[in-house]
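Examining the three-dimensional arrangement
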Amino acid sequence: MSGGISDYTQYIVDLRRHMWLSGVPTELRRLIWQVATTGKYISAKIQESNRKLAGLQNIYHEEQLALDRSSDEILVAQLANTGLVREYLSEEREAPIKLGTGTEKYIITADPLDGSSLVETNLTIGTIIGIHKKEPLGSTGRKTLCGALYILYGPLITMVYSAGKGSHEFVLNREGEYVLSQANIQLKEKGSIYSLGGLRKDWLSGHAAFANSLEEQGYKLRYSGGLVPDLNQILIKQGGIFSYPQLRSNPRGKLRLLFELQPMAFLFEGAGGAATNGEKDILDIKVDHLDQCAPIYIGSKHEVALAKQHTARGKA
Ligand code: F6P
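All values reported here derive from a predicted model rather than from experimental measurement. Residue indices follow the written sequence of each chain, beginning from 1 at its first position. Per-residue local features are limited, in this predicted model, to residues with pLDDT of at least 70; the limit for side-chain atom pairs, both in listing and counting, is 80 or more; totals at the level of whole chains, interfaces and linings are taken over all residues. Side-chain calculation: all heavy atoms of the structure are included, whereas hydrogens and water are not.

Another aspect to go through is helix H9 (residues 301–313). Strands are runs of DSSP state E lasting at least two residues, helices are runs of H or I lasting at least four, and both sets are numbered from the N terminus onward. Multiplying 1.5 Å by the residue count of a helix minus one yields the expected span of that helix. Between its first and last C-alpha, H9 extends 19 Å over 13 residues, near the 18 Å set by a 1.5 Å rise per residue. Buried means the residue's accessible area, taken with a 1.4 Å probe over protein chains only, is under 20% of the maximum for its type, while exposed means over 50%, and partly exposed covers the values in between. For H9, the set of buried residues is Glu303, Val304, Leu306, Ala307, His310 and Thr311. Down the axis of H9, the smallest arc covering the buried residues is 160 degrees, so these residues share one side. What points out from H9, more than 90 degrees from its buried face, is the exposed set Ala312 and Arg313. Turning to H9, the residues buried within the fold contact helix H6 (205–216), strand E13 (241–244), strand E14 (274–276) and strand E15 (296–299). In this context, the arc is that of the directions from the helix axis out to the C-beta atoms. We call two residues contacting when some pair of their heavy atoms lies within 4.5 Å.

The following block contains the structure:
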C-alpha cells in the first residue's frame, strides 16, 4: 500500500539518526540535539509571553524583552546539564560564564532570541548558536567553529544545523521530534532575492551601486528585519543575498560577529554559499571582543562576488 502512514514513517529521519548516519562525533551529536531541544522550551516561552517589555536594557542598549532573558537562562540550564560545555558566551551577557569544570570539550556562543523586538508584531524570530572547539576570542571562526545551528520560530519550528558536513534542515513535528526536511541544502550559484539592511542615506557609494545593480537585474526585495528568517529564506529558496553593510554612521555595521555572523557564515559555507565583510570571509575575521560588529554580505557565491567588486570601488 502506498501513501499510508507506515510508508510515511518509514522515511522519517529524525535529528539523532541523521547525525549518526552522517558520522557526527558522539559528543557533538548530543550537544546539537540538546540545543535543538531547547528550542521547544524557548518556543513555549514565546507562546506564553505577554509581550510586555521588561524595561531592562541589554549591553547593546536595545529594548530587551523578558523573553530574551528567559531564553538565555533556558539555554544555560540545558547546556550545563550536558556536561559538554566549558564556557557560554551570550549576546545577553557582558562576559562569558563558565559551565562545568573547565575540561569540557565545547564553548557555546548564543544569540538566544534574535530579533526579539519583532515578537510584538508576531513576526518570525530565531535562536542562533555557534559551537566552538577552541576559545573564539582572539581567533577566527574558521579555526574555532566545529558546528552551528539556528532555530526558527515561525508557523512551523524549523532548525538548520551543520557539523561541518553540509547544512541540513529539520522540522519539529507534532510529536516533538525534529524530522529531516532537507539534507545537504545547496545554494545555487546565483539567486533572485535580496535583503539589504540599513538606511539608504547611510550607505556608502559602492553598496548603493550594488543595490542598484541588483534592482536593475530584477532581484526581488525580501527583508523582514529578523536575521534568522531573512537568511533562512535565502537558504531554503537556495539563493540570493543578504547584507547589513558598513554605514556612514556606523562603519562596523550592526550585526555581531561572534553571535550572529560567524554561525550563519558557517551554515552558508556548509550549503555552498559565501559570507564576506566586503574584503574578507566572515570566518577569517579575528574576534577581538565580545560585542564586535562587522558588515556582512552573505548568500550565493555570484552575488557575494558582485558585492565585493562594488564595495571595493565605492568606499565613500
Ligand atoms: O541584530 C538584531 C536584528 O534584529 C537582526 O535580527 C536583523 O537582521 C537586524 O537587527 C535588523 O536591523 P534593522 O532594524 O536596522 O533593519
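The N-to-C vectors of helix H7 (residues 227–236) and helix H8 (residues 257–270) enclose an angle of 15 degrees; their axes lie 12 Å apart at closest approach. Classified by the interaxial angle, the pair formed by H7 and H8 is roughly parallel. As for how H7 packs across H8, the hand of that crossing is right-handed. Residues Leu227, Val228, Leu231, Ile234 and Leu235 of H7 touch H8, and the partners they reach there are Glu260, Met264 and Phe268. Only Asp, Glu, Lys and Arg are considered charged in this grouping, and only Ala, Val, Leu, Ile, Met, Phe, Trp, Tyr, Cys and Pro are considered nonpolar; every other residue, Gly among them, is considered polar. Of the residues contributing to the contact of H7 with H8, the split by class is seven nonpolar, no polar and one charged. To get an axis, a line is fitted to the C-alpha atoms, and for a helix only the part in contact is used. The angle between two axes follows their N-to-C directions and goes from 0 to 180 degrees. Orientation labels follow simple angle bins: below 35 degrees gives roughly parallel, above 145 gives roughly antiparallel, 65 to 115 gives roughly perpendicular, and whatever is left gives oblique. Two helices cross in a left-handed way if the nearer one is turned anticlockwise from the farther one by less than a right angle. They cross in a right-handed way if the turn is clockwise.

Take the nonpolar core next. Counting 52 residues, the largest nonpolar core has Leu231, Leu235, Phe242, Met264, Ile282, Ile296 and Ile298 as the members making the most contacts within it. With nine residues, H8 is the single largest residue contributor to this core. Those residues in contact with Ile296 that sit more than four places away from it in its chain are Phe242, Ser243, Tyr244, Leu255, Leu261, Thr276, Asn277 and Ile282. Core analysis: the next-biggest nonpolar cluster, separate from the first, contains 39 residues, Leu67, Leu99, Tyr106 and Leu118 among them. What is meant by a nonpolar core is a set of buried Ala, Val, Leu, Ile, Met, Phe, Trp, Tyr and Cys residues, joined one to another through side-chain atoms within 4.5 Å.

All right, on to the sheet that holds strand E8 (residues 157–162) then. Hydrogen bonds between backbone atoms are what pair the strands of a sheet, whose relative direction is either parallel or antiparallel. Here the rule is simple: two strands pair whenever DSSP picks up at least two bridges between them. Reading across from one edge, E4-E3-E5-E6-E7-E8-E9-E10 is the order of the eight strands in this open sheet, with mixed pairing throughout. At either margin of the open sheet sits one strand with a lone partner, and together these are strand E4 (97–98) and strand E10 (178–182). Sheet analysis places strand E3 (residues 85–90) next to strand E5 (residues 106–114), joined by five bridges and oriented parallel. Directly across from Ser90, in E5, lies its bridge partner Ala110. The strands touched by helix H3 (residues 26–48) within the sheet are E3, E5, strand E6 (125–132), strand E7 (145–153), E8, strand E9 (167–172) and E10, with E7 carrying the most contacts at an inclination of about 25 degrees. The strands touched by helix H4 (residues 66–82) are E3, E4, E5 and E6; relative to E5, the strand with the most contacts, the crossing angle is about 155 degrees.

We now examine the site of the ligand. For the ligand, the full set of nearby residues is Asp114, Gly115, Tyr223, Gly225, Gly226, Leu227, Phe242, Tyr244, Lys254, Leu255 and Glu260. Under the rule applied, a polar contact is a pair of N or O atoms within 3.5 Å (in protein, one hydrogen donor and one hydrogen acceptor; residues adjacent in sequence only if both atoms are side-chain atoms). Within the side chain of Asp114, one N or O atom sits 2.5 Å away from an oxygen atom of the ligand. Residue Tyr244 places a side-chain N or O atom 2.6 Å away from an oxygen atom belonging to the ligand. Protein contact buries 78% of the 400 Å² of open area that the ligand shows by itself. Considered class by class, the residues forming the shell around the ligand number five nonpolar, three polar and three charged. Near residues are defined by distance, with any heavy atom within 4 Å of the molecule or strand qualifying the residue. All accessible areas in this document rest on Shrake-Rupley with a 1.4 Å probe, and a residue is counted as covered only by the protein chains that are shown.

With domains assigned, the protein is organised as domain 1 (7–182) and domain 2 (193–313). What counts as a domain boundary in this text is fixed by an automatic or database domain assignment. Just the C-alpha atoms count here: the centres of domain 1 and domain 2 sit 22 Å apart. The interface is formed by 46 residues belonging to domain 1 together with 33 residues belonging to domain 2. In short, buried area is how much 1.4 Å probe accessible area vanishes from two parts on joining, totalled over both. In this assembly, domain 1 packs against domain 2 so that about 3,000 Å² is buried in total across both faces, 63% of it on carbon and sulfur atoms. Within this document, salt bridges are pairs made up of a side-chain nitrogen of Lys or Arg and a carboxyl oxygen of Asp or Glu, the two lying within 4 Å of each other. On the surface where domain 1 and domain 2 come into contact, there are four salt bridges. In this structure, Glu91 and Arg256 form a salt bridge, with 2.6 Å as the shortest nitrogen-oxygen distance. Between the two partners, domain 1 and domain 2, sit eleven residue pairs in polar contact (both at pLDDT 80 or more). The element best represented in the side of domain 1 that touches domain 2 is E7, accounting for eight residues. Considering only residue class, the side of domain 1 that touches domain 2 consists of 21 nonpolar, 17 polar and eight charged.

The next point concerns the pairing of E15. Alternating residues of E15 divide into Ile296 and Ile298 and Tyr297 and Gly299, and every residue in both groups is buried. Here E14 runs beside E15; their pairing, made up of three bridges, is antiparallel. Across the sheet, Thr276 pairs through a bridge with Tyr297, a residue of E15.

What follows concerns the pattern of salt bridges. Enumeration over the complete set of coordinates arrives at nine salt bridges. For Arg142, the salt bridge is made with Asp284, and the minimal N-O distance between the two is 3.2 Å. Of this pair, Arg142 sits in helix H5 (residues 141–144) while Asp284 sits in the loop between E14 and E15, and the two are 142 residues apart along the sequence. By relative accessible area, Arg142 is classed as partly exposed at 37%.

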